[in-house]
Amino acid sequence: VTAVLNVQEPGLFTTVQDLGRPNAISAGVQSGGAMDRFAHAAANLLVGNDVGHATLECTFSGPHLVAEHPCLVAVAGADFDPHVNGTPVPGWTSMLLGAGDQLTFGPNRKGARMYIALAGGIEADRWLGSLSTNVMAARGGKQGRPLERGDNIAAAGAPRKPSISRLHLAESLRPVYGDHILHSIPGPHVKRLNPESRSNLFGMAYRVTKDANRMGYRLEGPRLDTSGEELLSFGLVPGALQVPHGGQPILLMADHQTAGGYPVVATVVSASMPVAAQLLPGDEVLFAEATAERAQQMRMALGAALETLR
Amino acid sequence: LRIHPLGDAALLAELGTRLDTALNTRAIALAAALKKRRDVRQAIAGYASVTVQFDPDQTSHQSLAAAIRRLATKRPPMPEPGRLHRIPVRYDGPDIEEVAERLKLPRERIVELHTRPIYRVFLVGFVPGWAYLGALPEELELPRRQVPRTQVPAGSVAIAGRQSGIYPLPTPGGWHLIGRTSVKLFLPDSDPPCLFRAGDRVKFFAAGE
């Protein structure tokens, strides 16, 4: 396979991700996949891919890539100040790179995770039905590890559509990443919270600590007191807000443990997960109680935005 | 049967709250039946519950909950007896002396009690290849360690509450480490990538010192 992009600098933590491996959950293997499914999907659609093609998920900082052959790419999600050959280029826009063109990034201006899509999809190791990198198992993606200097990135296949450069997703159609409100549906164990804790949960700000990664974010804020007997372990989902002993909640993200026994007091709705994926340590969030109807409206709005790119 | 939303694309169906083989058997059968539905993305049995991830564009919490109530009233098929795994253990874990002291039992008695039952695999989950095994004899019941270890070596055989387990990978852990085994629980290059499956049976035996 011909290399398309050469990695000059990998960035802080850049991994190959797709939509994960839900069928591996029964073996205790994390489903994984892109943290911000909206930005991942948008980047893919901008270059003519399916939403399930693999992209590069760049955490906190971007890589430095050189095109070895002409290729169509797009960046979406966090704003890491993209440049081609030193000239600023817009995000959420497809662009044709010529051989020798340099794709670089500046400082992190907004958000935590940026996605780079390549027309034809990114070629990577398939493990249990997915190309997503699982660092714990050291499988999938690029040999189960983050990108390293000197890696080559090839296209998985020929571009499926004629390359359209300058395809763009308007800002009004994107999630409002700066609006740190996570719409959430009360969870199975919300009744274990005392009234004061419940009003704290849906009213007070919680801060993302530095203990925040693809598995989950430890939050700090007003203590959430739960009561009741120990729970038997049950299957968990991304977005679940778990309250361990100590009362400081943990928001589960894409690589969360598959099962656990701590009370789940709320679950962030799927349309708010892109915002959650873009949170940085130190950010403050509010959990807003949502209904299933509200969650559906939000989900449909994001779906309609992606439809404009098909 | 209690059914709770887990966000807008998943739900938790609780069949009960007890550590019980019959409940676990029903949970495994219900998960298997739900997996066959087109609107269900994934169904995972817990000890006595099923977590269902569904496609919210194809179904709603209400209609899936109604379907689960219908399925749950059906008598589950007679479960096949799970495969039996015999696991050799060296009972020289870093916590065995402390466990013996806290339970006021000689070390030999701990080995005897731990190797006595045929354990059931209630659930595979938490980390790749981890299996929750039960029930541990009452005489060995201890709460989890106050301060979890930041790194537990792979192959550590552990107990907590009425459960036993084997750490498949080096991970943090709060259970009491009573022994170790050379048997590999996580098999990343097999499919499924784990030795134990929910419903399997496990017998420990003391391996030569």
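The coordinates are above.
Predicted, not measured: the structure shown is a model, and the values here were computed from it. (Residues numbered from 1 in each chain as written. Chains lettered and ligands numbered in written order. Predicted model: local features only at pLDDT ≥ 70, side-chain atom pairs only at ≥ 80, totals over all residues. Heavy atoms only, no water.)

This brings us to the nonpolar core. Side chains of nonpolar character tend, in soluble globular proteins, to be buried together. Core analysis: the biggest nonpolar cluster contains 55 residues, and Phe38(A), Leu182(A), Leu201(A), Tyr217(A), Leu251(A) and Phe287(A) have the highest contact counts within it. The greatest single-element share of this core, amounting to seven residues, is contributed by helix H1 (residues 37-46) of chain A. (Core = buried A, V, L, I, M, F, W, Y, C linked by side-chain atoms within 4.5 Å. Buried < 20%, exposed > 50% of the residue type's maximum accessible area, 1.4 Å probe, protein only. Helix = DSSP H or I, 4+ residues; strand = E, 2+ residues; numbered from the N terminus.)

Residue and element names in this part refer to chain B. In contact at an axis separation of 10 Å, helix H1 (residues 21-35) and helix H2 (residues 61-73) are set at 130 degrees when each is read in the N-to-C sense. Here H1 lies oblique to H2, going by the angle between them. In this structure, H1 meets H2 at a crossing whose hand is right-handed. Within the contact between the two elements, H1 uses Arg 26, Leu 30, Ala 33 and Leu 34 and H2 uses Ile 68, Leu 71 and Ala 72. A class-by-class count of the residues in the contact of H1 with H2 yields six nonpolar, no polar and one charged. (Axes fitted to C-alpha atoms, helices over the stretch in contact; angles between N-to-C directions. Parallel < 35°, antiparallel > 145°, perpendicular 65-115°, else oblique. Left-handed = near helix turned anticlockwise from the far one by under 90°. Contact = heavy atoms within 4.5 Å. Nonpolar A, V, L, I, M, F, W, Y, C, P; charged D, E, K, R; others polar.)

Turning next to the pairing of strand S10 (residues 110-118) of chain A. A regular strand places its side chains on the two faces of the sheet in alternate fashion. All names here are of chain A. Within S10, eight of the nine residues are buried, leaving the element largely enclosed by the surrounding structure. Judged from the four bridges that link them, strand S3 (residues 55-59) and S10 form a sheet pairing that is antiparallel. Bridging from a neighbouring strand, Thr 59 pairs with Arg 113 of S10. With six bridges connecting them, strand S5 (residues 71-79) and S10 associate as antiparallel partners. Within the sheet, the bridge partner assigned to Val 75 lies in S10 and is Ile 116. (Pairing = 2+ DSSP bridges.)

What follows covers H1(A). Residues and elements named next belong to chain A. Most of H1 is tucked away: nine of the 10 residues are buried. Of the residues making up H1, those classed as buried are Phe 38, Ala 39, His 40, Ala 41, Ala 42, Ala 43, Asn 44, Leu 45 and Leu 46. Sitting at the head of H1, Asp 36 places a side-chain oxygen 3.0 Å from the backbone nitrogen of Phe 38. At the C-terminal side of H1, Gly 48 shows a positive phi close to 85 degrees. (Polar contact = N/O pair within 3.5 Å; in protein donor to acceptor, adjacent residues only side chain to side chain.)

Before going further, it helps to examine the sheet that holds strand S2 (residues 10-14) of chain B. All names here are of chain B. In spatial order, the strands read S1-S2-S4-S3; together these four strands make up an open sheet with antiparallel pairing. Each edge of the open sheet carries a strand with a single partner, namely strand S1 (2-5) and strand S3 (40-45). The sheet shows a mean angle of 20 degrees between the axes of neighbouring strands, taken without regard to direction. Where H1 meets the sheet, it contacts S3 and strand S4 (49-54), and its direction lies at approximately 170 degrees from that of S3. Packing against the sheet, H2 makes contact with S1, S2, S3 and S4, and its axis sits at approximately 155 degrees to S1.

Moving on: the pairing of S3(B). Burial analysis of S3(B) places five of its six residues in the buried class, which makes it a mostly covered element. Where S3(B) folds back on S4(B), the antiparallel hairpin that results is connected by three residues.

Residue and element names in this part refer to chain A. Tracing the chain through its elements places Leu 96 in strand S8 (residues 93-97). The exposed category is assigned to Leu 96, whose relative accessible area is 52%. Leu 96 sits 23 residues away from Ala 119 along the chain, and the two C-alpha atoms are 9.8 Å apart. Setting aside its immediate chain neighbours within four residues, Leu 96 contacts Cys 71, Leu 72, Asp 101 and Ser 165.

Here we come to unusual backbone geometry. Gly134(B) connects to Ala135(B) through a cis peptide bond whose omega is -5 degrees. In this structure, Pro192(B) follows Asp191(B) across a cis peptide bond, with omega equal to 0 degrees. Structurally, Pro192(B) can be placed in the loop between strand S12 (176-180) and strand S13 (201-206). The phi dihedral of Phe60(A) is positive, around 70 degrees, even though this residue is not glycine. Counting through the fold element by element, Phe60(A) comes out in the loop between S3 and strand S4 (64-67). Phi angles above zero are rare outside glycine, and Arg166(A) is one such case at about 75 degrees. Secondary-structure assignment places Arg166(A) in the loop between strand S11 (152-154) and strand S12 (181-186). Exposure remark for Arg166(A): the relative accessible area of 60% places this residue in the exposed category.

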